[in-house]
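Listed here are the chains, written in short residue letters.
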Amino acid sequence: MAGSVRVGVLALQGAFREHILSLEALGVEAVAVRLPDQLEGCAGLIIPGGESTAIGKLMTSYGFYEALCTAHDQGMAIWGTCAGAILLARRVLDALPDQRTLELMDIAVRRNAYGRQVDSFEAELTVGGVAGAPFPGVFIRAPWIEETGPSVEVLATHGGRTVAAREGRLLATTFHPELTGDPRIHGFFVDTVVGS
Amino acid sequence: MSENPGTTGTQRVKTGLAEMLKGGVIMDVVTAEQAKIAEDAGAVAVMSLERVPADIRAAGGVARMADPTIVEAIVASVSIPVMAKCRIGHFVEAQILQSLGVDYIDESEVLTPADEEHHVDKWAFSVPFVCGCRNLGEALRRIGEGAAMVRTKGEPGTGNVVEAVRHIRAVSDEIARLRGLRSEELFAAAKDLQAPYDLVRWVADNGRLPVVNFSAGGIATPADAALMMQLGCDGVFVGSGIFKSGDPAKRARAIVEATTHYEDADIIARVSRDLGEAMVGINISDIPAGERMQERGW
């Protein structure tokens, strides 16, 4: 699968190690990205789960907002999981007053939409583009995608809310495929989203 | 809305939240204002307390769970996860913290233990727990009791990193030793470690702890945080080190950056400049044996 593609994983904070291991299990070259010049040569980038406020502040300090928008303009695909999905969104509902996002994807995301940690849950999902058995969805203090623009394709819903969506070279999931050992969504990102 | 509603309180969502905190800094706070400063500085979570360890040490007496009013005010003030401490073995304090909506409970030796033999049965809760350890056996006993995250203990409230270093090295050395054992030797190793065999076997097979491990206790500078990361911790707790220093907001930001860029000495050097006064440290040998918090927990 995936040939000789190189995919970066933003490694400022959060579950980046699990994404790197998931990519490597598919035979994809994965690199931890802590500074913008490490984006060089990456056909795709994963923004992992973590705390969106903490990752966002570190992105500001090191010039990642400009670097990621430029790289995406030049063809780099980006997948955001959970906090990463928040950072991709054009609009964040219940955001902190100064919370900044990349504003790349035409979605509105609600932070901590399900409540606190005791409301975190697992549920099986049917995900468009992912064949076979239901996908194990792990939702941890998760957001949901409350609004999607006309060019956004909804890939999965749970409880009537959008939890996975794609817009061209952008993919957003509000759950955590990297915690499951199930490689299918990583495969979909590398083969279909990066390859598009 | 009639599809499967999902299952809450699973071990995967408990350990999963700790996975999301990795590479981050969790800061002790005693007021909502401090919690906002921590969030603005890039903390991944805050630990709500009535007093930071340095003040608990100074005050003496029995240290207990914080007043629910303080915990609720901090929960309401920030959007990042909020942790809170209960006494070792005090499962009713834990029940109260779960009902207040905290995201993680720290069954902590910083408070005065309520039970000198038993820790809380953490499987009985849907909120996850983090517990302290000084060695691999202690870590695996806590995980066996249901802890979803551990932290290698330093000596809290001292600003002295030496005990944190001792204990992460102890855990790493014991993991390395298990890796070299034959399968039949693991039974005796489990007996020696006083830890559940299945967890000992898992560590021997995987070469790491089965849950996220942060460092806690004695971290006062960006260099301390990066040291603990280079020694193999997944993230750091900073207690008294931030709000007992001269410029808490600046020091907090610096420790956050040093934790992310822990292998980049140029960045650590830059963020270490002009941070104002660090907290006054205490030498461990100056603390009477009976007052060392790290020795609580069994």
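Residues numbered from 1 in each chain as written. Chains lettered and ligands numbered in written order. Predicted model: local features only at pLDDT ≥ 70, side-chain atom pairs only at ≥ 80, totals over all residues. Heavy atoms only, no water.

## Some remarks on the sheet that holds strand E1 (residues 7-8) of chain B
Strand order in the open sheet formed by 3 strands is E8(A)-E7(A)-E1(B), with antiparallel pairing between adjacent strands. The outermost strands of the open sheet, each flanked by one partner alone, are strand E8 (135-139) of chain A together with E1 of chain B. By the bridge criterion, 2 bridges tie strand E7 (residues 121-125) of chain A to E1(B) in an arrangement that is antiparallel. Opposite Phe121(A), over in E1(B), you have Thr8(B) as the bridge partner. With respect to the sheet, helix H1 (residues 11-21) of chain B is in contact with E7 and E8 of chain A, its orientation differing from that of E8(A) by roughly 55°. (Pairing = 2+ DSSP bridges. Helix = DSSP H or I, 4+ residues; strand = E, 2+ residues; numbered from the N terminus. Contact = heavy atoms within 4.5 Å. Axes fitted to C-alpha atoms, helices over the stretch in contact; angles between N-to-C directions.)

## Quick look at helix H8 (residues 185-193) of chain B
All names here are of chain B. Three or more residues of H8 are buried, namely Leu-186, Ala-189, Ala-190 and Leu-193. Along the axis of H8, the buried residues cluster in a sector spanning 100°; they form a single face. Exposed side chains of H8 directed beyond 90 degrees from the buried face belong to Phe-187, Lys-191 and Asp-192. Buried residues along H8 sit against helix H6 (136-144), helix H7 (162-179) and helix H9 (197-206). (Buried < 20%, exposed > 50% of the residue type's maximum accessible area, 1.4 Å probe, protein only. Arc of directions from axis to C-beta.)

## Quick word on the interface of chain B and chain A
Quite often, the size of an interface is put as the accessible area lost when its parts meet. Counting residues at the interface gives 46 residues for chain B, matched by 43 residues for chain A. Taking both sides of the interface into account, the surface hidden between chain B and chain A amounts to around 3400 Å²; carbon and sulfur atoms contribute 52%. Counting every contact that joins chain B to chain A gives 4 salt bridges. Between Lys22(B) and Glu18(A) there is a salt bridge, and its shortest N-O distance comes to 2.8 Å. Here chain B and chain A share 20 residue pairs in polar contact (both at pLDDT 80 or more) between them. Counting only elements with at least two residues in the side of chain B that touches chain A, the list comes to E1, H1, helix H2 (32-41), helix H12 (248-260) and helix H13 (265-271) of chain B. The dominant element in the side of chain B that touches chain A, judged by the number of residues it contributes, is H1(B), at 8 residues. (Buried area = accessible area lost by both parts, 1.4 Å probe. Salt bridge = Lys/Arg side-chain N within 4 Å of Asp/Glu carboxyl O. Polar contact = N/O pair within 3.5 Å; in protein donor to acceptor, adjacent residues only side chain to side chain.)

## As for the nonpolar core
Residues Met59(A), Phe64(A), Leu68(A), Met27(B), Leu97(B) and Met228(B) are the most contacted members of the largest nonpolar core, which totals 85 residues. Discounting residues that sit within four places of it in the chain, Phe64(A) has contacts with Leu10(A), Leu12(A), Val33(A), Arg34(A), Leu35(A), Pro36(A), Leu39(A) and Met59(A). One finds Val9(A), Leu23(A), Val28(A) and Val127(A) within the second-largest nonpolar core, a separate group that totals 32 residues. (Core = buried A, V, L, I, M, F, W, Y, C linked by side-chain atoms within 4.5 Å.)

## Section: the pattern of salt bridges
With the rule as written, the count across this model stands at 31 salt bridges over all chains. Of the charged contacts, one joins Lys22(B) and Glu19(B) as a salt bridge, the two residues approaching to 2.8 Å between their closest N and O atoms. Overall, Lys22(B) belongs to the buried group, its relative accessible area being 7%. Salt bridges linked by common partners bring Arg17(A), Glu18(A), Glu19(B) and Lys22(B) together as one network.

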